[in-house]
Amino acid sequence: MQKLVLIILGLVVLASCQKPYPEIDQYRKEIRINQIGYYPKGIKKIVLADSISFSSFSVIDIHNKKSVFDGNFSESTIWELSGEEIRVGNFSDFKTTGEYVIYIEGLGYSYPFEINNNVFNDALLGSVKGLYYQRASIPLEEKYAGKWYRKAGHPDTEVYFHSSSGKDTTETVSSPGGWYDAGDYNKYVINGAFPLGQYFQLWEQYPEVISDNQLTIPESGNGISDFLDELKYELDWLLTMQDKDGGLFHKLTTKNFEDMIMPHKAVNQRYIVGKGTAATLNFAAATAQAYRVFEKIDTTYAQKLLTASESAWKWAKENQKITFQNPIDIRTGEYGDNNFDDEFIWASAELFLSTGKNEYLDHFNSYPLDLTFKSSESWTAYMKFLGVYSLLNHKQKTPDTLVADLTKKLVASADDLTEKAKSGAYFQPISDFTWGSNSDVLNAAMLVAQAYRQEPKVAYLEAVQQMTDYIFGTNAVGYSFLTGFGDQTPMNIHHRQSGADDIQVPVPGLLSGGPSIQQLDTSNDVVYPENVTQMKSWVDQEGSYVTNEICLNWNAPLTYVLGFLERESN
Ligand code: 9MR
């Protein structure tokens, strides 16, 4: 009895000695963390920047304020690309689901995060819903758009041909619908088809990854996946951009960028501008791939896509080198490209898979294929990867020798990226940060994800998880770059609707471009910190179209990566 009293007394004394954790009244930016969270079995690392006197951390359960894991930081290292001295904390061994913060005694708390299966599901859906907000020509109704509802903009039913299109400039054409490309209201064929190709990769690899009724869009409830409904909105517009001879007009645009005003107020005349090989081949590729997706849903529509694709291909074969440059009176996005090999590679792969015709395979094989990932090539070259991903995803149709060769090259490229990511302070696979750098990180992640599908090595999966951590907050500026997802997210994206709508928070589900050392927008009232390093060269300022715009081909690889992780990480 005496013993028991002593034990109880001892416990009481011990409990009263344990200092309670302070109230969470502030989150410390120095603790760089994925603000959304981690998978129970996933890798879980954080970076402590410029506070290297701290050597340990705890994971605290938000609900009962108890420590559930204690860890030590790695030795500090200097990271030149961000100009920081950093330490890394690893709590991968902690696998219990819940809601947590990191606590560092003397410094404070990190942003809160979750450990959960399906931890990125909301962000996945949000990243697709972001496209709905980009829809041209229809009003966004409150029941779908919430507080971001707005009037219709840009009917695009009477668009004049610009002389660069080769058509009669007194004629108009109807080309409604589609998504606005980015912060601007123009519609570009290159950057419609390329992201569509990335989205279709997700669907073909993980069918039904998003089902009907998940996005609350006008088509919800029609029995077809909301994801496909949303993609079709863009596809239908692309079809209107094909000339009768099979070639694709390059873009539908005003002469200059509009002011930062709402869509319905942006009423300058729009034109069909240019016609060229790159737009035509990207269209041929995306529609050939879309044929396989829609074949199971609507055979008539699918056939229309394939016919359009083959006629585009034919035009491109007859017009192999028609480049595009902005005419003197047009100052909107150019999306110019002088090398069409990547486009031919992508289109021939998709057409081979959809038609089974060997002429396309022969064409594909006529290119020496280098799968080295070079960041910033983006919409000029990443499409060749899409062709490879498709061939590897349809092994039953692709000759064995080709599968073996492509796998070897893909795995080598993924190994390079995985190694590179390991030596990056923020686990990022790139070392130069230019316009749209977040999409470079995500396209690299997409490549590593394909390697994982061929050879499921944990290192690949972890690399993809860590590249996603980078996007959601484990980066040199400590922001989660997806609007509305995370605690510290961009508030002033370069996005005309978000800038003009009098709603404080921007349209959600849109990915900011990310750090760029180019700083080409200083004449647009953008101020960068002095002597800023590459990885910190990002500002949450509306004028910064170089670092803080949003864009279709940046959201697309994010959606792919989140869909991949949702299917592979649990
Ligand atoms: O993403 C494009 C980037 O790689 C180019 O350097 C830049 C300048 O040509 O254009 C970017 O794309 C923009 C397009 O031209 C117009 N809509 C907004 C796009 C994202 O900023």
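Parameters and conventions
- Residues numbered from 1 in each chain as written.
- Predicted model: local features only at pLDDT ≥ 70, side-chain atom pairs only at ≥ 80, totals over all residues.
- Heavy atoms only, no water.
- Helix = DSSP H or I, 4+ residues; strand = E, 2+ residues; numbered from the N terminus.
- Rg over C-alpha atoms; globule rule 2.2 N^0.38 Å.
- Buried < 20%, exposed > 50% of the residue type's maximum accessible area, 1.4 Å probe, protein only.
- Contact = heavy atoms within 4.5 Å.
- Areas by Shrake-Rupley, 256 points an atom, 1.4 Å probe, with all protein chains shown as cover.
- Lys, Arg positive; Asp, Glu negative; His and termini not counted.
- Charge placed at Lys NZ, Arg CZ, Asp CG, Glu CD.
- Near = heavy atom within 4 Å.
- Polar contact = N/O pair within 3.5 Å; in protein donor to acceptor, adjacent residues only side chain to side chain.
- Pairing = 2+ DSSP bridges.
- Salt bridge = Lys/Arg side-chain N within 4 Å of Asp/Glu carboxyl O.
- Axes fitted to C-alpha atoms, helices over the stretch in contact; angles between N-to-C directions.
- Parallel < 35°, antiparallel > 145°, perpendicular 65-115°, else oblique.
- Left-handed = near helix turned anticlockwise from the far one by under 90°.
- Core = buried A, V, L, I, M, F, W, Y, C linked by side-chain atoms within 4.5 Å.
- Nonpolar A, V, L, I, M, F, W, Y, C, P; charged D, E, K, R; others polar.
- Arc of directions from axis to C-beta.
- Phe/Tyr/Trp six-rings, centres within 6.5 Å; stacked < 30°, edge-to-face > 60°.

Novice: Honestly, the overall build of the protein chain in this entry has me stumped. Any pointers?
Specialist: Helix and strand counts for the protein chain come out as 16 helices and 15 strands. Its C-alpha radius of gyration of 25 Å places the protein chain within 12% of the 25 Å reference for a compact globule of 570 residues. Taken along its principal axes, the extent of the C-alpha atoms in the protein chain is 100 × 55 × 50 Å. Looking at the 570 residues of the protein chain, the share that counts as buried comes to 60%. A fraction of 72% describes how many contacts in the protein chain between residues 6 or more apart in sequence connect residues 24 or more apart. If you sum the accessible surface of the protein chain, you get close to 22300 Å²; carbon and sulfur atoms cover 50% of it. Positive and negative charge centroids in the protein chain, built from 48 and 72 side chains respectively, lie 3 Å apart.

Novice: Could you clarify how one ought to interpret the site of the ligand in this entry?
Specialist: Surrounding the ligand, one finds Asp-181, Ala-182, Asp-184, Tyr-188, Gly-333, Tyr-335, Trp-379, Trp-435, Glu-549, Cys-551 and Trp-554. Note that a nitrogen atom of the ligand is positioned 2.9 Å from one of the side-chain N or O atoms of Asp-184. Between the ligand and Trp-379, the relevant distance is 3.1 Å, taken from an oxygen atom to a side-chain nitrogen or oxygen of the residue. Its free accessible area being 450 Å², the ligand has 79% of it covered by the protein chains.

Novice: Looking at this model, I keep getting lost on the sheet that holds strand S7 (residues 84-90). Mind explaining?
Specialist: Across a sheet, paired strands are connected by hydrogen bonds in the backbone, their directions being either parallel or antiparallel. The antiparallel open sheet is built from four strands, whose spatial order is S1-S3-S7-S6. Looking at which strands have only one partner, the edges of the open sheet turn out to be strand S1 (31-32) and strand S6 (77-79). When S1 meets strand S3 (residues 45-49), the two strands line up antiparallel, connected through two bridges. What sits directly across from Ile-31, in S3, is Leu-48.

Novice: I would appreciate a short explanation of the sheet that holds strand S14 (residues 249-253) in the present structure.
Specialist: The strand order S12-S11-S15-S14-S13 describes an open sheet built from five strands, whose pairing is mixed. One side of each edge strand has no neighbouring strand; the edge strands of this open sheet are strand S12 (172-173) and strand S13 (187-188). Examined bridge by bridge, S13 and S14 share two bridges and lie antiparallel to one another. Looking at S14, one finds that Lys-187 is bridged to Leu-252.

Novice: I keep staring at the pattern of salt bridges and nothing clicks. Help me out?
Specialist: Between side chains of opposite charge, pairing is possible as soon as their charged atoms come close. Applying the stated criterion across every chain yields a total of 22 salt bridges. With a shortest N-O distance of 2.7 Å, Asp-156 and Arg-270 are connected by a salt bridge. In this pair, Asp-156 sits in the loop between helix H3 (142-145) and strand S11 (159-161) while Arg-270 sits in the loop between S14 and strand S15 (271-275), placing the two residues 114 residues apart along the sequence. You'll find Asp-156 and Arg-270 in the same group, each marked buried. The partner of Asp-243 in a salt bridge is Lys-275, with the nearest N and O atoms 2.5 Å apart. Of this pair, Asp-243 sits in the loop between helix H5 (226-240) and S14 while Lys-275 sits in strand S15; the two residues are 32 residues apart in sequence, bridging distant segments of the chain. Of the residues examined, Lys-275 reaches a relative accessible area of 16% and is grouped as buried.

Novice: So what exactly am I meant to see when it comes to the packing of H5 against helix H6 (residues 277-294) here?
Specialist: Packed helices, taken two at a time, are described by the angle their axes make and the gap between the axes. For the pair H5 and H6, the least separation of the axes is 12 Å and the interaxial angle reads 140°. Considered as vectors, H5 and H6 are oriented oblique to each other. For the pair H5 and H6, the sense of crossing is left-handed. For the pair H5 and H6, contact is made by Leu-228, Lys-232, Leu-235, Leu-238 and Leu-239 and by Phe-283, Thr-287, Ala-290, Val-293 and Phe-294, respectively.

Novice: Would you take a moment to explain the nonpolar core for this structure?
Specialist: In globular proteins that are soluble, nonpolar side chains generally tend to be buried together. The biggest cluster of nonpolar side chains holds 152 residues, and the ones touching the most others in it are Phe-200, Phe-294, Phe-364, Tyr-426, Phe-472 and Phe-564. Every residue in contact with Phe-564, bar those within four places of it in the chain, is listed here: Leu-202, Tyr-206, Ala-449, Tyr-452, Arg-453, Leu-461 and Val-464.

Novice: Which parts of the structure should I look at to understand the environment of Lys-321?
Specialist: Mapped onto the elements of the fold, Lys-321 is located in the loop between helix H7 (299-318) and helix H8 (341-355). The exposed category is assigned to Lys-321, whose relative accessible area is 72%. Taking the C-alpha atoms as reference points, Lys-321 and Asn-339, separated by 18 residues in sequence, lie 8.2 Å from one another. When near neighbours in sequence (up to four residues on either side) are disregarded, Lys-321 contacts Thr-277 and Phe-340.

Novice: I'm lost on the packing of helix H13 (residues 437-454) against helix H14 (residues 458-471) in this one. Help?
Specialist: As a packed pair, H13 and H14 sit with axes 9 Å apart at the nearest point and diverge in direction by 160°. The angle between H13 and H14 places the two elements in the roughly antiparallel class. Crossing hand, H13 versus H14: left-handed. Along the contact surface, H13 presents Asn-438, Val-441, Leu-442, Ala-444, Ala-445, Val-448, Ala-449, Ala-451 and Tyr-452, while H14 presents Tyr-460, Leu-461, Ala-463, Val-464, Met-467, Tyr-470 and Ile-471. Its residues assigned to classes, the contact of H13 with H14 comprises 15 nonpolar, one polar and no charged.

Novice: Can you help me understand the side chain of Glu-566 in this one?
Specialist: Examined against the element boundaries, Glu-566 turns out to sit in helix H16 (residues 552-568). At a separation of 2.5 Å, a polar atom in the side chain of Glu-566 contacts the side chain of Tyr-39. Those residues in contact with Glu-566 that lie beyond four places of it in its chain are Tyr-39, Asn-118, Val-119, Phe-120, Asn-121 and Leu-124.

Novice: Looking at this structure, how should I read helix H9 (residues 358-365)?
Specialist: Within an α-helix, residues lying three or four positions from one another point in the same direction, as the helix has 3.6 residues per turn. Every buried residue of H9 is accounted for by Tyr-360, Leu-361, His-363 and Phe-364. Axial view of H9: buried residues confined to an arc of 160°, hence all on one face. Considering only its buried residues, H9 is in contact with H7, H8, helix H11 (383-393) and helix H12 (400-423).

Novice: Even after reading the chapter, I still don't get the packing of aromatic side chains, so can you show me in this structure?
Specialist: The description of two aromatic rings rests on the distance between their centres and on the angle between their planes. Going through the model one piece at a time under the given rule, you end up with 40 aromatic pairs. With 5.0 Å between their ring centres and 45° between their planes, Phe-57 and Phe-73 make a pair best called tilted. Here the residue Phe-57 occupies a position in strand S4 (residues 56-61), and Phe-73 occupies one in the loop between strand S5 (67-72) and S6, the gap between them amounting to 16 residues. Grouping residues by exposure puts Phe-57 and Phe-73 together as buried. On the numbers, 6.3 Å between centres and 20° between planes, the contact of Tyr-560 with Phe-564 is stacked. Highlighted residues: Tyr-560 and Phe-564, both in helix H16, separated by four residues, approximately one helical turn.

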